[in-house]
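Commentary on secondary and tertiary structure
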Amino acid sequence: MKPKFYVDIAAFYNNYDHLLSLEPGAPFSENSPTPTHTVVPLYFRNGLFGKTSGFEIAPDWTPINWWRLRGSYSYLYMDLNKHSGSLDTATASSTEGSSPHHQIVIQSSVDLPKKLEFDQTLRYVSALLPSEWEPTQTGDVRFSWRAVRSMEFSVVGQNLLQPHHPETAGDPGLLLGWSGASTEK
């Protein structure tokens with residue numbers, strides 16, 4: 001078989017308005033449950049705007065008929081801001097920090113004799129906010145036997161190089177320690 005090489009390239013630019021914000025309401029006191037405490041309600045509003053841009057490059061190479069190499073590199077840039085009337089002080093920066101700027105994946109798939117397959121994947125994800133969430137790099141392996149066309153037996157190892165790492169910074173409210181927000185007007 002003749003070697004095959006393909007490259008997918010994609011780029012994007014998005015312009016957003018009326019994005020989710022958490023706006024503080026007027027504080028009030030409550031005495032139930034005790035002790036008396038001050039409540040600062042948070043309301044979901046649409047006080048943010050911004051843009052995202054980025055690209056992805058994904059090569060796919062089959063040097064010989066039983067070995068395939070794939071990879072990808074993606075870059076994401078986010079720039080979110082609040083409208084002049086918004087009092088939200090954290091959602092824009094926590095949302096920007098909840099997605100990595102760089103991601104790299106390298107995969108090798110080998111078809112072995114006797115219907116055996118061996119796959120390896122290495123992944124790198126750049127740091128997320130808060131800053132103590134370091135970049136992660138990890139790997140997976142899969143060894144399988146295809147007994148018949150519709151049945152496969154596999155042994156898989158995932159996250160072998162770094163078994164514990166955050167996948168996302170998650171909900172900006174939870175990230176900042178808020179337990180919830182009211183949606184009342």
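Structural data are supplied above this passage.
All values derive from a computational prediction rather than experimental measurement.

**Remarks on the pattern of salt bridges**
The full count for this structure, using the stated rule, is six salt bridges. Note that R142 and D119 form a salt bridge whose closest N and O atoms lie 2.2 Å from each other. A residue pair is termed long-range when its members are at least 10 positions apart, and R142 in strand β8 (residues 136–148) and D119 in strand β7 (residues 116–125) qualify at 23 residues. On the accessibility criterion, R142 (19% relative accessible area) is buried. Residue class for D119 comes out buried when judged on its relative accessible area of 18%. The salt bridge partner of R123 is D140, with a shortest N-O separation of 2.5 Å. Of this pair, R123 sits in strand β7 while D140 is found in strand β8, placing the two residues 17 residues apart along the sequence. For R123, a relative accessible area of 26% gives the class partly exposed.

Reading the values: the criteria
Residues numbered from 1 in each chain as written. Predicted model: local features only at pLDDT ≥ 70, side-chain atom pairs only at ≥ 80, totals over all residues. Heavy atoms only, no water. Salt bridge = Lys/Arg side-chain N within 4 Å of Asp/Glu carboxyl O. Helix = DSSP H or I, 4+ residues; strand = E, 2+ residues; numbered from the N terminus. Buried < 20%, exposed > 50% of the residue type's maximum accessible area, 1.4 Å probe, protein only.

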